[in-house]
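What follows is the residue order along each chain.
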Amino acid sequence: MPTARLAVTLPADIWIADLSTRYPDATFRVLAALPDADTGVGLVEIVASDVDDVLARLDGTDGVRVFETLYRGDDRALVQFETDDPLLLMSIRNSRAPFEPPVTIVDGVADIELTAPRERLSSLTDQFRALGLQFDVRSIRTTIDSESVVSDGQRRLIETAVAEGYYDTPRACTLTELAEQLGIAKSTASERLHRAEGAIIRAFVADGAAGSERR
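The model shown is predicted, which means the values in this text are computed figures rather than measured ones.

Break down the side chain of Thr160 for me, citing the residues and quoting the values.
Along the polypeptide, Thr160 turns up in helix H6 (residues 152-164). Here Thr160 falls in the buried class, since its relative accessible area comes to 19%. Every residue in contact with Thr160, bar those within four places of it in the chain, is listed here: Leu178, Gln181 and Leu182.

Printed below as a string of structure tokens:
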């Protein structure tokens, strides 16, 4: 299943975009968030050298119904808020892509990481485009479910090979040494490795091909 990291430029009229661009050196880290019908409730950590100024500005910000400071330190604060502008949260909810906190917002740009089927990631980007949200894809990586691809024995073999350095460059473990470590013949180790590697490669290629067809 792919994991995508997106950089989303938030509209300037959204409160957290306005606040983070007014204080570009501050970091807003959304630790939890829950969208309702037309509002959003969340928990945000604010890290800034002038955190008192940020909180004072937040107190008079349009779009924030209520907020409560749960903790305040020299350069950080933990704030619970309720907003009328949950645009980003609504996009994620409507796409049915799972929200993975934290979401870090700096100078009006939100850094989001999501792990979801490709069709849900595609739905999320469609939501962004429909709402006029600009975004860049910073990275996409594919996670293969090893339990559904290889057998328990094959998985143990691969894990042992990795742990012993068989896949290091240069190799820290030869096939003969790996077989001795597992107590099996060298030919058996070679065959099992070949089968496991083939299954993993086929799963990787199949996932990429399916993603290309959906796009």
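Account for the pairing of strand E3 (residues 40-47), with residues named and values stated.
Burial analysis of E3 places six of its eight residues in the buried class, which makes it a mostly covered element. In this structure, E3 lies alongside strand E5 (residues 76-83), joined through eight bridges in antiparallel fashion. Paired with Val44 across the strands is Val79, a residue of E5.

Talk me through the pattern of salt bridges; I want residue IDs and the actual numbers.
As enumerated under the stated definition, the model contains ten salt bridges in all. Note that Glu45 and Arg29 form a salt bridge whose closest N and O atoms lie 2.6 Å from each other. Pair noted here: Glu45 is in strand E3 and Arg29 is in strand E2 (residues 27-35), with a separation of 16 residues, a long-range link. Residue Asp52 is joined to Arg72 by a salt bridge in which the shortest nitrogen-to-oxygen separation is 3.4 Å. Of this pair, Asp52 sits in helix H2 (residues 51-59) while Arg72 sits in strand E4 (residues 64-72), placing them 20 residues apart in sequence. By relative accessible area, which is 45% here, Asp52 ends up partly exposed. Three or more residues are tied together by salt bridges with common partners; here these are Arg29, Glu45, Asp75 and Arg76.

Tell me about unusual backbone geometry, and please be specific about residues and values.
For residues other than glycine, phi is negative in most cases, and the peptide bonds are mostly trans. Going from Thr169 to Pro170, the amide bond is cis rather than trans, its omega being -5 degrees. If you trace the backbone, Pro170 turns up in the loop between H6 and helix H7 (175-182). Its identity as a non-glycine residue notwithstanding, Asp107 has a phi of 50 degrees, on the positive side. Among the secondary structure elements, Asp107 is positioned in the loop between strand E6 (103-106) and strand E7 (109-115). Overall, the relative accessible area of 39% leaves Asp107 in the partly exposed class.

Which residues make up the nonpolar core, and what values go with them?
Counting 37 residues, the largest nonpolar core has Val8, Phe28 and Phe128 as its most contacted members. Dropping the residues within four chain positions of it, Phe128 is found in contact with Leu6, Val8, Leu88, Ser91, Ile112, Leu133 and Phe135. Ranked by size, the runner-up nonpolar core spans 13 residues in total, among them Leu157, Ala161, Ala179 and Ala189.

Conventions and cut-offs
Residues numbered from 1 in each chain as written. Predicted model: local features only at pLDDT ≥ 70, side-chain atom pairs only at ≥ 80, totals over all residues. Heavy atoms only, no water. Helix = DSSP H or I, 4+ residues; strand = E, 2+ residues; numbered from the N terminus. Buried < 20%, exposed > 50% of the residue type's maximum accessible area, 1.4 Å probe, protein only. Contact = heavy atoms within 4.5 Å. Pairing = 2+ DSSP bridges. Salt bridge = Lys/Arg side-chain N within 4 Å of Asp/Glu carboxyl O. Core = buried A, V, L, I, M, F, W, Y, C linked by side-chain atoms within 4.5 Å.

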